[in-house]
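Below are the chains, spelled out letter by letter.
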Amino acid sequence: MKFNITQTQKGEDVPFTNPAKGFYEALGFDGMKEMMYRFYDCIYESDIANFFPQDEDEFNIIKEKNTLFFIEICGGPKVYKEADGMELNEFMIRIHDDFSIYDKSRLEWLGCMRETLEATDVDEELKQSFWDYVEAFSKLTVNSFAAKRKFEDMH
Ligand code: HEM
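Residues numbered from 1 in each chain as written. Predicted model: local features only at pLDDT ≥ 70, side-chain atom pairs only at ≥ 80, totals over all residues.

Caption draft 1: Spatial organisation of the nonpolar core. Among the nonpolar cores identified, the biggest contains 22 residues, and Phe23, Met32, Phe70 and Cys74 are the most heavily contacted of them. When residues of this core are traced back to their parent elements, those giving at least two are helix H1 (22–44), helix H2 (56–73), helix H4 (103–118) and helix H5 (124–137). With 9 residues, H1 is the largest single contributor of residues to this core. Not counting residues within four places of it along the chain, the set of residues in contact with Phe70 comprises Met32 and Met36. (Core = buried A, V, L, I, M, F, W, Y, C linked by C-beta atoms within 7 Å. Buried ≥ 20, exposed ≤ 12 C-beta atoms within 10 Å, placed from the backbone. Helix = DSSP H or I, 4+ residues; strand = E, 2+ residues; numbered from the N terminus. Contact = placed C-beta atoms within 7 Å.)

And the structure:
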């Protein structure tokens, strides 16, 4: 199992593949829910917690929506209703446009995902396919890049 992470390059083409269908089959609805809730518990304590609602009820809505999204993207039933006919991944990129996400935020997000997966009992190959999807796809949620200005240029 390799939790590889490569840096996001502005404007790069990002090929990705959805997780293997077996991932949902292995965990089932309740297993996926348990996993995603653990992920969000980590996010809530992380450096990117400020991106998310602080109100517990509102945060729970995000948890629930995320669970349904991941169930569907992992080959489960079509339970995520927010995309309104749009392709799921395209819709997800759109959702993240409302936030200024840097690669640093993505690394924090992936850190929680790694922790979550490490504590999830599922076949290594399936786990790898899930990781490869989130590692790559998360690059497309990055929409803010630090300006590469030299100190001298600012004076
Ligand atoms: C593989 C990468 C990612 C996937 C699949 C993903 C998926 C999702 C999903 C399903 C939602 C809920 C959308 C809805 O129905 O309302 C969401 C919301 C959100 N995600 Fe992500 N996400 C990813 C990466 C990230 C990263 C790297 C960040 C970094 C900060 C992030 C921040 C957020 C925020 C702030 C929200 C919205 C919370 C709100 O509505 O107040 N996501 N994401």
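Okay, back to it.
Caption draft 2: Fine view of the site of the ligand. Taken together, 21 residues sit near the ligand, with Phe51, Lys65, Phe69, Trp109 and Ser138 positioned nearest. Of all the elements in the fold, those that place two or more residues in the shell around the ligand are H2, helix H3 (88–96), H4 and H5. Element by element, the count of residues in the shell around the ligand is highest for H2, at 4 residues. Residues of the shell around the ligand, tallied by class, amount to 13 nonpolar, 5 polar and 3 charged. (Near = placed C-beta within 6 Å. Nonpolar A, V, L, I, M, F, W, Y, C, P; charged D, E, K, R; others polar.)

Caption draft 3: View of the packing of H1 against H2. Look at H1 against H2: their axes get within 9 Å of each other, and the N-to-C directions meet at 145°. Relative to H2, the crossing made by H1 is right-handed. Two secondary-structure elements touch here, H1 through Tyr24, Phe29, Met32, Lys33, Met36, Tyr37, Tyr40 and Tyr44 and H2 through Phe59, Lys63, Asn66, Thr67, Phe70 and Ile71. Taken together, the residues of the contact of H1 with H2 break down into 10 nonpolar, 2 polar and 2 charged. (Axes fitted to C-alpha atoms, helices over the stretch in contact; angles between N-to-C directions. Left-handed = near helix turned anticlockwise from the far one by under 90°.)

These results come straight from atomic positions and should not be treated as a statement about function.
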